[in-house]
Amino acid sequence: MSHQPCAVVGVGQTHHKTRRWDVSLGGLVREAATRALEDAQMDWSDIDAVVLGKAPDLFEGVMKPELYLTDALGAHGKPMFRVHTAGSVGATTGIVAAHHVETGRHKRVLAVAYQKQSEGNAQFALGSGRGGSLGAGGAFAPYMRSYIARSGSPLDIGPMVAVKDRLNALKNPYAHLKLTDISLEKVKESPMMWEPVRYLESCPSSDGACAVVLTDEEGGKAAAAAGRAPAWILGTAVRSEPSTFPGRDPVTPQGAFDCADDLYRQAGITNPREQLDCAELYVPFSWYEPMWLEAHRIAEKGRGWKMVESGETALDGDFPVNMSGGVLSSNPIGASGLLRLAEAALQVRGMAGEHQVDGAKVALGQAYGAAAQYFSMWVVASSLDPFGR
Amino acid sequence: MTAPSAGTVEMTIRFPYKRSLGPVIGAFMTGLAGQQILGIRNGSEVMCPPLEWDPKTGKELDHGALVEVGPAGTVVSWTWVPKPSAQHPLDKPFALALIRLDGADTALTHAVDAGSIDAMSTGMRVAPRWKAERQGHITDIEAFVPGEDPQGLDDSRPEEPVTMMPYNAEIPYTLPIAVNTARNAVALKEKRLIGLRCPVCSRTYAGERGFCPIDTTALTAEHEVQLPQTGTLTNYTIITPVQYPGQTETEPFARCMILVDDSDLVIGYQPVIDLPVEQVRVGVRVKLVWGDGDIEGWQPTGEPDVDDPDLVNRIY
Ligand SMILES: [Zn+2]
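Residues numbered from 1 in each chain as written. Chains lettered and ligands numbered in written order. Predicted model: local features only at pLDDT ≥ 70, side-chain atom pairs only at ≥ 80, totals over all residues. Heavy atoms only, no water.

1. Details of the overall build of chain A
Quick note on the threshold: Helix numbers and strand numbers start at the N terminus; a helix is a DSSP run of H or I with at least 4 residues, a strand a run of E with at least 2. Only C-alpha atoms enter the radius of gyration; for comparison, a globular chain is expected to reach 2.2 Å times N to the power 0.38, where N is the number of residues. Throughout, a residue-residue contact means that at least one pair of heavy atoms, one from each residue, lies within 4.5 Å. Accessible areas in this description were obtained via Shrake-Rupley with a 1.4 Å probe; residue shielding takes into account the shown protein chains only. Counting rule applied: Lys, Arg positive; Asp, Glu negative; His and chain ends not counted. Every charge is mapped onto a representative atom, which is NZ of Lys, CZ of Arg, CG of Asp or CD of Glu.
Summing up its helical and strand segments, chain A has 13 helices and eleven strands in all. Here the C-alpha radius of gyration of chain A, 19 Å, is about what a compact globule of 389 residues would show, namely 21 Å. Overall, the C-alpha framework of chain A stretches about 50 × 50 × 45 Å when taken along its three principal axes. Pairs at least 24 apart in sequence give 78% of the contacts found in chain A among residues at least 6 apart. For chain A, the computed accessible surface area is about 12500 Å², with 51% contributed by carbon and sulfur atoms. Counting 37 positive and 43 negative side-chain charges, chain A places the averaged centre of each group 3 Å from the other.

2. Considerations on the overall build of chain B
Keep this limit in mind: Here's how the labels work: a residue is buried when its accessible area is under 20% of the maximum for its type, exposed when over 50%, partly exposed in between, all with a 1.4 Å probe on protein chains only.
Looking only at helices and strands, chain B has two helices and 18 strands in total. Burial analysis of chain B (316 residues in total) assigns 42% to the buried set. Taking the intrachain contacts of chain B between residues at least 6 apart in sequence as the baseline, contacts between residues at least 24 apart amount to 57%. For chain B, the exposed area adds up to about 15800 Å²; of that, 52% sits on carbon and sulfur atoms. When the 26 positive and 42 negative side-chain charges of chain B are each reduced to one mean point, those points stand 4 Å apart.

3. As for the coordination of the zinc ion
A four-donor tetrahedral metal ideally has 109.5 degree angles, and a six-donor octahedral metal ideally has angles of 90 or 180 degrees. All names here are of chain B. This is how it is decided: Sites may look incomplete because water is not among the atoms; the donors themselves are N, O and S atoms within 2.8 Å of the metal, or within 3.2 Å for Na, K and Ca.
Listed as protein donors to the zinc ion are Cys198 (SG), Cys201 (SG), Cys212 (SG), Asp215 (OD) and Asp215 (OD); their distances from the metal cover 2.2 to 2.8 Å. Positions of the donor residues of the zinc ion, expressed as sequence spacing, correspond to C-x2-C-x10-C-x2-D. Placement of cysteine 198 in the loop between β11 (194-197) and β12 (204-206) and of aspartate 215 in the loop between β12 and β13 (224-226) is noted, with a sequence separation of 17 residues between them. Since its relative accessible area comes to 2%, cysteine 198 is described here as buried.

4. A short note on a nonpolar patch on the surface
For clarity, the cut-off: Any residue with relative accessible area above 30% and no salt bridge may belong to a patch, with like charges joined within 9 Å and the nonpolar Val, Leu, Ile, Met, Phe, Trp and Tyr side chains within 5 Å. What makes a salt bridge here is a side-chain nitrogen of Lys or Arg within 4 Å of a carboxyl oxygen of Asp or Glu, nothing more.
A cluster of nonpolar residues, Val9, Tyr173 and Leu175 of chain B, forms a patch on the protein surface that exposes about 220 Å² of accessible area. With respect to the secondary-structure elements, leucine 175 of chain B resides in strand β10 (residues 164-178).

5. What about the interface of chain A and chain B?
The parts lose accessible area when they come together, and the size of an interface is often stated as this lost area. Put simply, the rule is: We call two N or O atoms a polar contact when they sit within 3.5 Å, provided that within protein one can donate a hydrogen and the other can accept it, with sequence-adjacent residues counted only if both atoms are side-chain atoms. Ten residue types, Ala, Val, Leu, Ile, Met, Phe, Trp, Tyr, Cys and Pro, are classed as nonpolar, four, Asp, Glu, Lys and Arg, as charged, and the remainder, Gly among them, as polar. Strand pairing requires that DSSP identify at least two bridges connecting the strands.
Taken together, the contacts link 56 residues of chain A with 53 residues of chain B. At the surface where chain A touches chain B, the tally comes to two salt bridges. Among the ionic pairs, glutamate 119 of chain A bridges to arginine 19 of chain B, the shortest N-O distance being 2.9 Å. Inspection of the region where chain A meets chain B yields 25 residue pairs in polar contact (both at pLDDT 80 or more). At the level of secondary structure, the elements contributing two or more residues to the side of chain A that touches chain B comprise α1 (25-40), α4 (122-126), α5 (135-151) and β5 (192-195) of chain A. No other element matches the nine residues that α5 of chain A contributes to the side of chain A that touches chain B. A breakdown of the residues in the side of chain A that touches chain B according to their chemical character gives 24 nonpolar, 19 polar and 13 charged. Across two bridges, the pairing between β5 of chain A and strand β14 (residues 230-239) of chain B is antiparallel. Across the sheet, residue glutamate 195 of chain A finds its bridge partner in β14 of chain B, namely isoleucine 238 of chain B.

6. Brief notes about helix α13 (residues 333-349) of chain A
Residue and element names in this part refer to chain A. The condition is simple: One less than the number of residues in a helix, times 1.5 Å, gives the span that helix is expected to have.
Look at α13: 25 Å from first C-alpha to last across 17 residues, which is about the 24 Å you get at 1.5 Å a residue. Among the 17 residues in α13, 17 count as buried, and that is most of the element. Glycine 350 sits one or two positions beyond α13 and adopts a positive phi of about 70 degrees.

7. Considerations on the packing of helix α3 (residues 89-102) of chain A against α13 of chain A
Axis angle and axis distance: for two packed helices, these are the angle between their axes and the distance between the axes, and together they describe the pair. Residues and elements named next belong to chain A. Inclusion rule: Orientation is described by lines fitted to C-alpha atoms, with helices fitted over the stretch in contact, and by angles between N-to-C directions that extend from 0 to 180 degrees. The scheme is simple: roughly parallel for angles under 35 degrees, roughly antiparallel for over 145, roughly perpendicular for 65 to 115, oblique for anything else.
Taken N-terminus to C-terminus, the directions of α3 and α13 make an angle of 55 degrees; their axes are 5 Å apart at the nearest point. Viewed along their axes, α3 and α13 adopt a mutual orientation that is oblique. In contact with Val89, Gly90, Ala91, Gly94 and Ile95 of α3, α13 contributes Gly334, Gly337, Leu338 and Leu341.

8. Here's the deal with the pairing of strand β4 (residues 108-116) of chain A
Residue and element names in this part refer to chain A. With eight of nine residues buried, β4 is to be regarded as a mostly interior element. Strand direction decides the pairing type here: strand β2 (residues 49-53) and β4, joined by five bridges, are parallel. Along β4, the bridge assignment pairs leucine 52 with valine 112. Alignment of β4 against strand β7 (residues 207-216), held across nine bridges, turns out to be antiparallel. Of the residues in β7, the one forming a bridge with alanine 113 is cysteine 210.

9. Some details on the domain arrangement of chain B
Applicable threshold: For every domain, the bounds stem from an assignment made automatically or drawn from a database.
Here the domain parsing of chain B yields domain 1 (1-12 + 166-227), domain 2 (22-162) and domain 3 (229-316). Inter-centroid distance (C-alpha atoms) of domain 1 of chain B to domain 2 of chain B is 48 Å.

10. Considering the state of the cysteines
In a disulfide, the sulfur atoms of two cysteines are held together by a covalent bond. Residues and elements named next belong to chain A. The condition is simple: Disulfide: a pair of cysteine sulfur atoms within 2.5 Å of each other.
Applying the stated criterion across every chain yields a total of zero disulfides over all chains. Here cysteine 210 stays free of any disulfide, with the sulfur of cysteine 6 as its closest cysteine sulfur at 15 Å. Classification of cysteine 210 as buried rests on a relative accessible area of 0%.

11. Some points on helix α1 (residues 22-33) of chain B
Taking 1.5 Å as the rise per residue, α1 of chain B with twelve residues should run 16 Å; its terminal C-alpha atoms sit 16 Å apart, in good agreement. Considered for burial, the residues of α1 of chain B that qualify are Gly22, Val24, Gly26, Phe28, Met29, Gly31, Leu32 and Ala33 of chain B.

12. Some thoughts on unusual backbone geometry
Geometrically, the link from glutamate 195 of chain A to proline 196 of chain A is a cis peptide bond, its omega value of 10 degrees lying close to zero. Mapped onto the secondary structure, proline 196 of chain A falls in the loop between β5 and β6 (197-198). Following cysteine 48 of chain B, the chain continues into proline 49 of chain B via a peptide bond in cis, with omega recorded as 5 degrees. Considering the arrangement of structural elements, one finds proline 49 of chain B in the loop between β3 (45-47) and β4 (66-69). We note that glutamine 41 of chain A has phi near 50 degrees; this positive angle belongs to a residue other than glycine. Structurally, glutamine 41 of chain A can be placed in the loop between α1 and β2. The phi dihedral of arginine 297 of chain A falls on the positive side, at around 65 degrees, and the residue is not glycine.

So this is what it looks like as structure tokens:
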């Protein structure tokens, strides 16, 4: 599959918080988009098309937000697209935007994703408005119990991930949770919400938005020449699978393997553990870090938890995961996937600030959605040919 | 392809949302609470209702450049609403009109209470009729009325700026009932647990499933199988309920996966009966307990637990 190169030249996000009642919905997406344009040194008029993503409309009760937000996103007279793939939507939004550039249809595309959870109630929406809603934690808890049982992981692994990601968040000025006194004991003492998942092993509810500016090879090279490092997209992949059928294994979904395999093939990656420098994975509940390390072939089956236990996935480890603090520290649901892709881009651009991984050249960004049935991933690099192919 | 339907069911989703209004719409709503209509300056134009950004260029407008417009204005277009619904602002026939208020260059959508369609015309002059109880909402103007003079003026002004707007969403749905759903409902009423066995892959699905997602085979009455009403608890979670409008649970409750005997069907997130949350565990043998036309839950049979390390992986 041949296509034209595409580069990330602008990244912006809001300060994620429980409530961003200081801004309208338009003001929220605008804040992220303005920062991305400033980073790209572009103006609204430079953008050819806008791609918008968010999780279900029922979350805020705004139907067709892509129409409502047209003026806030400077999309008048331009193609405007809406993407929806449940919790993975932010990442799919970035990927759809990249495809517009890679096909040569548009030169400069703005991808924006958001959620303003404080305007509604996600647990209500996920339960379709009925009582006794499981919430995402309740739905995923049996998956995590299965992982713990089959991998033989010590029970401390989940809390260890929870601590690591919150420590990383302290280095990220945009992160929502700033738990300066986080510790293993604190996590283990926190209330059991969806057994086996504790309160501090779960993501917060956040208001926030993320925006990314994508451009073609010429734009990426011009940014590099001007001293503004681009992140080159080496591959993008999206997969889905049915939510329920007898024998489905949601701990190692086929869609997760297929998505990763397709992605690595495009990027020329045969050994992800060695060729990737770091990964930003969608981990809304602590146990998802070892689960995705395995289901995306970064760790061998049953060994993902060992990468956590040994400290390999810490910011100063050999394979840092969720340098930004991850979904466990900020979860504006619809934006969360794009935040993963954006963090991967910031890392290979060397622009991640205090949570920068030294010398990161190739990074993975990933998101999943619904009943662990949608997957969206990209690999970005500091050059178009990082492996000297 | 649409599954054949066996009638419909009416349902309504309701939820109270909030809207943070931001600097411009917030000021507009605050103005309404004080019987003032504000527009925003955009170059040589004044836009009412005001926006935060120029809709044509996306440029940020000067949020301090709010100006009072109206109160009277001119109808630039309209349509007559002969039979108002519950969601309309008035409960008698009225016009929905685009009204360009004096001093504004764009039009505001609002109701005109003209009495009859014959009293309506493009170019007619209208003025607001204010509500006595105002909250900083577009409905603080009850409607516009023909003429130059606003009605219901008083001295009441808001004590605080309006920054939030409550929004009570209510969405009625008419859901078609699929044939398999209807047949499954009959079986449940007769206290029969039915499944549908895929003729291609032999997987067994719950009785209301329309298709096998693996091979996209349509599942119909001929694939129906009677299932035993016993099974084994394979996995579970104990949920500490979060409160939200419409939440019915107050105490921690279990939701369990049940592998139905003599089949590969796992029924997900089921309630259990006579099994306290602290005793919920993998391997418990259970039997179905019927409620009124549906499964109420699953109750321990008292048989010894099933000891199988792979059982916990049977989530689906
Ligand atoms: Zn089948």
